[in-house]
Amino acid sequence: MSKQAIMRQEDARLVTLLEVTAAEYRTVDPTSVRARARCPTRSRSQVPYLSPDDLYTAVTFTDQRMLDSTRLLCNPQEYRDFYRWDINTTGWAFKDSVVAGERIVQFGEFQIGKSIIIPPGTT
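Residues numbered from 1 in each chain as written. Predicted model: local features only at pLDDT ≥ 70, side-chain atom pairs only at ≥ 80, totals over all residues. Heavy atoms only, no water.

A. Structural detail: the confidence of the model for the chain. Counting all residues, the mean pLDDT for the chain is 80, and 86% of those residues have values of 70 or more. Model confidence for the chain, summarised as mean pLDDT per element, is weakest for helix H2 (residues 34–37) at 45 and strongest for helix H6 (residues 92–99) at 92. (pLDDT = per-residue confidence, 0-100. Helix = DSSP H or I, 4+ residues; strand = E, 2+ residues; numbered from the N terminus.)

B. Examining the pairing of strand S1 (residues 71–74) more closely. Burial of S1 is one-sided: the residues Leu 72 and Cys 74 facing one way are buried, the residues Arg 71 and Leu 73 facing the other way are not. Direction of pairing for S1 relative to strand S3 (residues 110–114): parallel, over a ladder of 4 bridges. The residue bridging Arg 71 from the neighbouring strand is Gln 111, located in S3. (Buried < 20%, exposed > 50% of the residue type's maximum accessible area, 1.4 Å probe, protein only. Pairing = 2+ DSSP bridges.)

C. Spotlight on the nonpolar core. If you look at the biggest cluster of nonpolar residues, it comprises 14 residues, and the most contacted ones within it are Leu 55, Leu 72, Tyr 79, Phe 82, Ile 104, Phe 107 and Ile 112. Where this core is concerned, the elements lending two or more residues are helix H3 (52–63), S1, H6 and S3. Discounting chain neighbours no more than four positions away, the residues touching Ile 112 are Leu 72, Cys 74, Tyr 79, Phe 82, Ile 104, Val 105, Gln 106 and Phe 107. (Core = buried A, V, L, I, M, F, W, Y, C linked by side-chain atoms within 4.5 Å. Contact = heavy atoms within 4.5 Å.)

D. Region of the structure containing the layout of surface pockets. Its volume calculated, the second largest pocket comes out at about 370 Å³. Taken together, 13 residues line the second largest pocket, and the ones lying closest to its centre are Met 7, Asp 11, Lys 114, Ser 115 and Ile 116. Broken down by secondary-structure element, the contributors of at least two residues to the lining of the second largest pocket are helix H1 (2–28), helix H4 (76–81) and S3. With 4 residues, the single largest contributor to the lining of the second largest pocket is H1. Among the residues forming the lining of the second largest pocket, the class breakdown is 6 nonpolar, 3 polar and 4 charged. (1 Å grid on protein atoms, 1.4 Å probe; cavity = no way out; pocket = protein on both sides within 12 Å on 5 of 7 lines; lining within 4 Å. Points joined across faces, edges and corners; volume = space filled by probe spheres on them. Nonpolar A, V, L, I, M, F, W, Y, C, P; charged D, E, K, R; others polar.)

E. A look at the side chain of Ser 115. Inspection of the secondary structure puts Ser 115 in the segment after S3. Looking at Ser 115, the relative accessible area reads 3%, which means it is buried. Reaching out from Ser 115, the side chain makes a polar contact with the backbone nitrogen of Ile 117 at a distance of 3.2 Å. Non-local contacts of Ser 115, meaning those with residues more than four positions away in its chain, are made with Asp 11, Leu 73, Cys 74, Asn 75 and Pro 76. (Polar contact = N/O pair within 3.5 Å; in protein donor to acceptor, adjacent residues only side chain to side chain.)

See below:
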């Protein structure tokens, strides 16, 4: 429990730093309004859970601002959505590793992490 408490504190600090950085960036780029800067997931997707389309929509937002987005930090609820993706989306190797009990730590260009500190519905 101590380890988990320390990890939550570290995640909270990281999220605070990211939010402060985003706020500072908005002073330089006024088109990056807060609602879009957080890139809420499921905004354009037709499925009720996180999908690859949501990830690509979010990364397009940062790509247009010449920012490199390769790491995702998401709430455990959204993290579990990765397990719902079908074989046509992920491929056999991905599904084989999941069935073998491996954690999902990467999808395409993204490294994936989860934290309870991240609000549900946000990646």
